[in-house]
Amino acid sequence: MSGLAVLCFLLLQPGVYGFGIYPRFINDLLYKGSLNHQDITERAILNVTAQVCRSLALSEGKDFSFPSLTATAVADACGASKSSKSFVKTIQRMKSENWQTDIYYALSPSRHCDNENITEGQKLITDGLDVVKAANKEQNYVSATSYLGRILHTLQDFYSHSNWVELGNTSPNSDLIRKAPVQNIAAKTRETCRSCDGDDCRNNILEDILKEKLLTSGYFGLPFSSKPPGKCSHGGFPDGTAGKEPKGGINKDTFTSEHGHLHNQAASLAIAATSELLEDVRSAAGDREFLQMMGLSKGKPLCFCVDTTGSMGDDIEAVKTVTSSIIDSKLGTEDEPSVYILVPFNDPDFGPLIRTTDPNVFKKEINSLTPNGGGDAPEMSLSGLQLALTGAPPNSEIYVFTDAAAKDEYLRNPVIALIEQTKSVVNFMITNIFLTRRRRQADNNQQQSVRMARADGQLYRDLAQASGGQAVEVTKGQLLEALSVLTESTSSAQVVLLQAARNPGKAENYTFTVDESVRNATIYITGASVGFTLISPSGVIQSSADTTGSSTFSYQSVGNLQTLQLKTEPGVWEIRIESTIPYSLKVVGESSIDFIFDFIEESNGLFGGFKLIENRPTAGSNASLLVTLIGSEVATVTEVTLVESSGSGQVNGTVEPQGGGEYFVRFDRIPSVEFVVLVKGQNNNGISRASSGIFQRQSTTSLRASVLTVSVDQLDTVFEPGTSKSVPFSVTTTGGGGSFTIQATNDKGFTSSFPSSLSLDAEGSANATVNITAPANTPSGTVITLTIEAVAPEGADTNYAVLRLSVLTTVTDFTQPVCELLSLQSNCSDNCSQSMWELSVQVTDEVNGTGLDSVRLREGNGTLNISTAADNENATLVSYVASCCSPDVELVAVDQVGNAEICRYSVRRNVSPAATAATQDATTSSPVTPAVTSFSTRVDLSIFLCFCFTVLSFLAQPLSL
């Protein structure tokens, strides 16, 4: 397809505009700078996140310079530059959940506040907020941010699709997020609009509607749809009601919409409303927890899965030693782990998952592990790993410690599915290669014992390779050394320059580029007796036969792991592996420059466009990839390649820059075997004249294509404890037919039922349902990760769908806590550093409320003390003492379901104590809202006509994308 044809195809899909994968010059040409849902969401996120970091800095007595509103700048300002990758990924998750509402639920009036479904839209928003707050309380941040993205679409649409702006409002409608009744909605029988005067729709809302401040929103439907008499339409293409009396529309989606003259105001209010909702989430969660939700933290999570059976005593002691070493060495540094996760397993038990941000708590939990039991060899290692993959943040590095085979090998494919979806790295620390226990079963045939051990270990090696991790095989005496080597590089700024695996092994040459932004470049080689020759950019040759006194690297070897710490030398390196047995090769370093990616496909929905592929892409067809480069404002992507994980084959893509660090990449096919994504580019930031500035980065997770598609309806994913949830799904094949095996697993071990197989015709599909039950004692906010897998006949192919279900107790408490000022005293003088002020506040929840959960200090550099009132166990007494140099304080009171009240108090110098005024404001302060031009959700017919005219004028000229 030619560049012009590609451009025509993209731009003739309205959903594409919502997705934002279009050249910016085309956006400026056709949409005159309009912003969409993604832009609004990102601006609000960056603004509120910066405000959170500012509050934390000021509360610690630190200066804070407000950054430019880019993800990299905000992460830097928050002191979390190494986690900018996870921050960008979280923003993209929220943005994609937002824009996919237009793809999956285009005709749902409540999700767009259309058809005067404003109250219904409000319920979606507030119910979603309940899920978000409950998930945050359980630290299920992926679920929380996914729900946030969905409800933000509905909230933002209110300001474009209703007449809130036309009524003269200049601030958001806070009722939409408070569960307070939305006031003055026009009756279904009340006429609200007249027909537009030709193309002029500025005065089509009736004067009495405006005078009485009645809320209405436009009706939207397909061609031949109807609407009640006298009602406004949404307008534009493809609204079928816009041509019916009264004709026209009131949407403010773009400058060219019928009410496009109010586009700026609608966009500004949408950003302000998004910020207000995020501030509410922040208040309920807490500032540090909000940053964790957004993926901003100092270092990588530290996640251990530990076999606790009787033979693991030495291993557990090594884990304890390394844990203390990691915590002590990284505490207070940029690489301090953001969260600590522990999952014990043995047989028949596994779990519970223990998650904490307190290093001392983690040390205590690790130190409490004791080896016990274990009769037969296999253990529940994959069940423990599955729990870790669903409980740890995406892109985590997980270490599994065991000396036994997996008893639950049936979880192999669900575990690989979770690895692919979370892109987490799994390292297996295998001791004694299972020989100790196997000898009990085959002590008369040691060769058979070795063969069985190798077969058992292959599963772990396969899972490690799929994730981009290591399968390290050592004796128990070597474990501490091996673990210390691997965990030295736990920086969250770690990037992969190259990785490959060969089974069977063969001699092969590999090259990789170390650019000037890379520090601590390290090569890991796993495999028994693997020889190598390394050639530096300057031509120095060093082989595995002589690793002492090397001028190019420092060398360590333990068990089947060899580590080469490279001396700093930018340029192209070459390594030749000389082995006929299986091995893996991985080259990593630390750098701010990295990338994230998603496969995307054309949507068959009403508005076309593209949607994310959240499982395996379709085999035997072309593919599209959205790549986002992070960590540099001047670096550019020049090549994107799909490289076979276990071979030399590759497929080159066509790279189309979209601006803002995003690139649209097309492939005419996908490799038929496992592959990784390799990105190359040019970095022009501070490079030396001798350097070319070329960089390369590679994805960790091995991916694969499938002829199967497993689709799940994600319309309603919430249910109550003690009830069952039906999850409809479909399986489609583009290949042959037959009986397809179905397996559904969940990380909580909850009871479920599903068909064991489905019969599909060639290139056919079938529907089925999984029913899952949450026990009555399931904590509210629990997130269940359900993996539905379909396997083709004879196991030739497999694909999956991963769905997160939320268990939530119905919320009936909608009232915020109440702050009552008891006293405020001060002796403030001109010399504030030598004077103090103090206040006393009583905080209560309503009589029928859920009770107070916490009172936190948001702003103020003083001392906060909290106690229970002597005469009222439902009341909390708060005292605060501060220097008069810190005259303002903000307290955040939160009840058990996340209703939050912000109580502000202030004391001013240069006034007498008797005249000192205290102020209390129960509303959230409005964040600084950046200047906004406009935003868009749907596309007008006039835009298509304009585009067609533009394309005709370009036909005579060459066009390059």
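All values derive from a computational prediction rather than experimental measurement.

J.: For the overall build of the protein chain, give the residues involved together with the corresponding values.
T.: Across its full length, the protein chain carries 19 helices and 40 strands. Sorting the 961 residues of the protein chain into buried and exposed places 57% on the buried side. Residue pairs at least 24 apart in sequence account for 72% of intrachain contacts in the protein chain once pairs closer than 6 positions are excluded. As presented, the protein chain carries roughly 37400 Å² of accessible surface, and 49% of it is formed by carbon and sulfur atoms.

J.: Outline helix 7 (residues 118-137), supporting the account with residue identities and numerical values.
T.: Taking 1.5 Å of rise per residue, 20 residues should cover 28 Å, and helix 7 covers 29 Å from first to last C-alpha, within 8% of that figure. Taking burial as the measure, the 20 residues of helix 7 include 14 buried ones, the bulk of the element. Downstream of helix 7 by a residue or two, glutamine 139 has a phi angle that is positive, lying close to 60 degrees.

J.: Summarise the pattern of salt bridges; cite the residues concerned and give the values.
T.: A full pass over the atoms with the stated rule returns 40 salt bridges. Between glutamate 60 and arginine 288 there is a salt bridge, and its shortest N-O distance comes to 2.5 Å. In this pair, glutamate 60 is assigned in the loop between helix 4 (37-59) and helix 5 (71-77) and arginine 288 in helix 11 (residues 287-293), connecting sequence segments 228 residues apart. Put simply, lysine 137 and aspartate 853 hold a salt bridge, and the shortest N to O gap is 3.6 Å.

J.: Please provide a residue-by-residue account of the side chain of lysine 320, values included.
T.: Topologically, lysine 320 is positioned in helix 12 (residues 313-330). Those residues within four positions of lysine 320 in sequence are excluded, and the remaining contacts are Ile366, Asn367 and Leu369.

J.: How would you sum up the sheet that holds strand 16 (residues 594-602)? Please name residues and give values.
T.: Adjacent strands of a sheet pair through backbone hydrogen bonds, lying either parallel or antiparallel. Read across the sheet, 5 strands follow the order 17-16-18-22-21 without closing on themselves; strand pairing throughout is antiparallel. Strand pairing shows two members of the sheet lacking a second neighbour, strand 17 (610-612) and strand 21 (654-659), which therefore form its edges. Within the sheet, the average angular offset between the axes of one strand and its neighbour, ignoring direction, is 35 degrees. Both strand 16 and strand 17 contribute to a ladder of 3 bridges, which runs antiparallel. The partner of isoleucine 600 across the bridge, within strand 17, is leucine 612.

J.: So, the nonpolar core: which residues are in play, and what are the values?
T.: In this structure, Phe87, Leu148, Leu155 and Leu277 are the most contacted members of the largest nonpolar core, which totals 59 residues. Among the elements of the structure, helix 4, helix 5, helix 6 (84-104), helix 7, helix 8 (141-161), helix 10 (263-285) and helix 11 are those that each provide at least two residues to this core. The residues touching leucine 277, leaving out its near neighbours within four places in the chain, are Ile125, Leu129, Leu148, Ile151, Leu152, Leu155 and Ile177.

J.: Describe the packing of helix 12 against helix 13 (residues 359-367), naming the residues involved and giving the relevant values.
T.: In helix packing, the relevant descriptors are the interaxial angle and the interaxial distance, both defined with respect to the helix axes. At a minimum axis separation of 10 Å, helix 12 and helix 13 run at an interaxial angle of 170 degrees. By the criterion of interaxial angle, the relationship of helix 12 to helix 13 is roughly antiparallel. Contacts between helix 12 and helix 13 involve Val319, Lys320, Thr323, Ser324, Ile327 and Asp328 on the former and, on the latter, Pro359, Phe362, Lys363, Ile366 and Asn367. For the contact of helix 12 with helix 13, a count of residues per class yields 5 nonpolar, 3 polar and 3 charged.

J.: Can you lay out the confidence of the model for the protein chain for me, pointing to particular residues and giving the numbers?
T.: For the protein chain, per-residue confidence averages 85 on the pLDDT scale, and residues scoring 70 or more make up 86% of the total. The spread of mean pLDDT over the elements of the protein chain runs between helix 2 (residues 14-19), the lowest at 30, and helix 9 (residues 207-211), the highest at 97. When the criterion is pLDDT under 50, residues 1-30 qualifies, and its contacts beyond four places in sequence or with other chains add up to 85 contacts. In this model, residues 909-961 is a region of pLDDT below 50 whose contacts with residues beyond four sequence positions or in other chains number 146 contacts.

J.: Help me get a handle on helix 12, residues and values and all.
T.: If you check helix 12, its first and last C-alpha atoms are 26 Å apart, about what 18 residues at 1.5 Å a residue would give, namely 26 Å. Among all positions in helix 12, only Asp315, Ile316, Ala318, Val319, Lys320, Val322, Thr323, Ile326, Ile327 and Lys330 are buried. Buried residues along helix 12 sit in contact with strand 1 (302-307), strand 2 (340-345), helix 13, strand 4 (397-402), strand 5 (425-431) and helix 18 (479-487). A positive backbone phi angle near 85 degrees is found at glycine 332, which sits one or two residues after helix 12.

J.: Mind laying out the packing of aromatic side chains, listing which residues take part and the relevant values?
T.: One pass over the full model with this rule turns up 15 aromatic pairs. With 4.9 Å between their ring centres and 90 degrees between their planes, phenylalanine 158 and tyrosine 159 make a pair best called edge-to-face. Ring geometry for phenylalanine 532 versus phenylalanine 553: centroids 6.1 Å apart, planes at 65 degrees, classification edge-to-face. Separated by 21 residues along the polypeptide, phenylalanine 532 in strand 10 (residues 531-535) and phenylalanine 553 in strand 12 (residues 553-558) bring together distant segments of the chain. Each member of the pair, phenylalanine 532 as well as phenylalanine 553, is classed as buried.

J.: Which residues make up the state of the cysteines, and what are the values?
T.: Within the structure shown, the criterion is met by 6 disulfides. The disulfide partner of cysteine 196 is cysteine 201, and the S-S distance across this bridge is 1.9 Å. With the S-S dihedral at roughly 110 degrees, the linkage between cysteine 196 and cysteine 201 falls on the right-handed side. Of the residues examined, cysteine 201 reaches a relative accessible area of 3% and is grouped as buried. At a sulfur-sulfur separation of 2.0 Å, the disulfide partner of cysteine 832 is cysteine 885. Here cysteine 832 and cysteine 885 share a disulfide; its torsion about the S-S bond, 90 degrees, makes the bridge right-handed. One end of the pair, cysteine 832, is in the loop between strand 34 (818-826) and strand 35 (836-844); the other, cysteine 885, is in the loop between strand 38 (872-883) and strand 39 (888-895), with 53 residues separating them in the sequence. Assessed through its relative accessible area of 43%, cysteine 885 is described here as partly exposed. Counting only the cysteines that take part in disulfides, in the order they occur along the protein chain, gives the pairing 1-2, 3-6, 4-5, 7-12, 8-10, 9-11. Free cysteine: cysteine 305, not disulfide-bonded; nearest cysteine sulfur from cysteine 303 at 5.1 Å.

J.: How would you sum up the environment of isoleucine 327? Please name residues and give values.
T.: By the element assignment, isoleucine 327 lies in helix 12. With a relative accessible area of 2%, isoleucine 327 lands in the buried category. Separated by 25 residues in sequence, isoleucine 327 and leucine 302 have C-alpha atoms that sit 9.6 Å apart.

J.: Explain the sheet that holds strand 11 (residues 541-543) residue by residue, including any values.
T.: What the 4 strands build is an open sheet, ordered 8-14-10-11; its pairing is antiparallel. Strands at the two margins of the open sheet, each flanked by one partner only, are strand 8 (508-514) and strand 11. Between one strand axis and the next, the sheet turns by 20 degrees as a mean value, whatever way the strands run. Across 5 bridges, the pairing between strand 10 and strand 14 (residues 571-578) is antiparallel. Bridge pairing links phenylalanine 532 to isoleucine 577 in strand 14.

J.: Got a sec to walk through the side chain of asparagine 117? Specific residues and values, please.
T.: With respect to the secondary-structure elements, asparagine 117 resides in the loop between helix 6 and helix 7. According to the relative accessible area criterion, asparagine 117 is buried, its value standing at 18%. A polar contact of 3.0 Å, which involves the side chain of asparagine 117, links it to the backbone oxygen of asparagine 115. Not counting residues within four places of it along the chain, the set of residues in contact with asparagine 117 comprises Pro109, Ser110, Lys188 and Ser217.

Rules of the game
Residues numbered from 1 in each chain as written. Predicted model: local features only at pLDDT ≥ 70, side-chain atom pairs only at ≥ 80, totals over all residues. Heavy atoms only, no water. Helix = DSSP H or I, 4+ residues; strand = E, 2+ residues; numbered from the N terminus. Buried < 20%, exposed > 50% of the residue type's maximum accessible area, 1.4 Å probe, protein only. Contact = heavy atoms within 4.5 Å. Areas by Shrake-Rupley, 256 points an atom, 1.4 Å probe, with all protein chains shown as cover. Expected span 1.5 Å × (residues − 1). Salt bridge = Lys/Arg side-chain N within 4 Å of Asp/Glu carboxyl O. Pairing = 2+ DSSP bridges. Axes fitted to C-alpha atoms, helices over the stretch in contact; angles between N-to-C directions. Core = buried A, V, L, I, M, F, W, Y, C linked by side-chain atoms within 4.5 Å. Parallel < 35°, antiparallel > 145°, perpendicular 65-115°, else oblique. Nonpolar A, V, L, I, M, F, W, Y, C, P; charged D, E, K, R; others polar. pLDDT = per-residue confidence, 0-100. Phe/Tyr/Trp six-rings, centres within 6.5 Å; stacked < 30°, edge-to-face > 60°. Disulfide = S-S within 2.5 Å. Polar contact = N/O pair within 3.5 Å; in protein donor to acceptor, adjacent residues only side chain to side chain.

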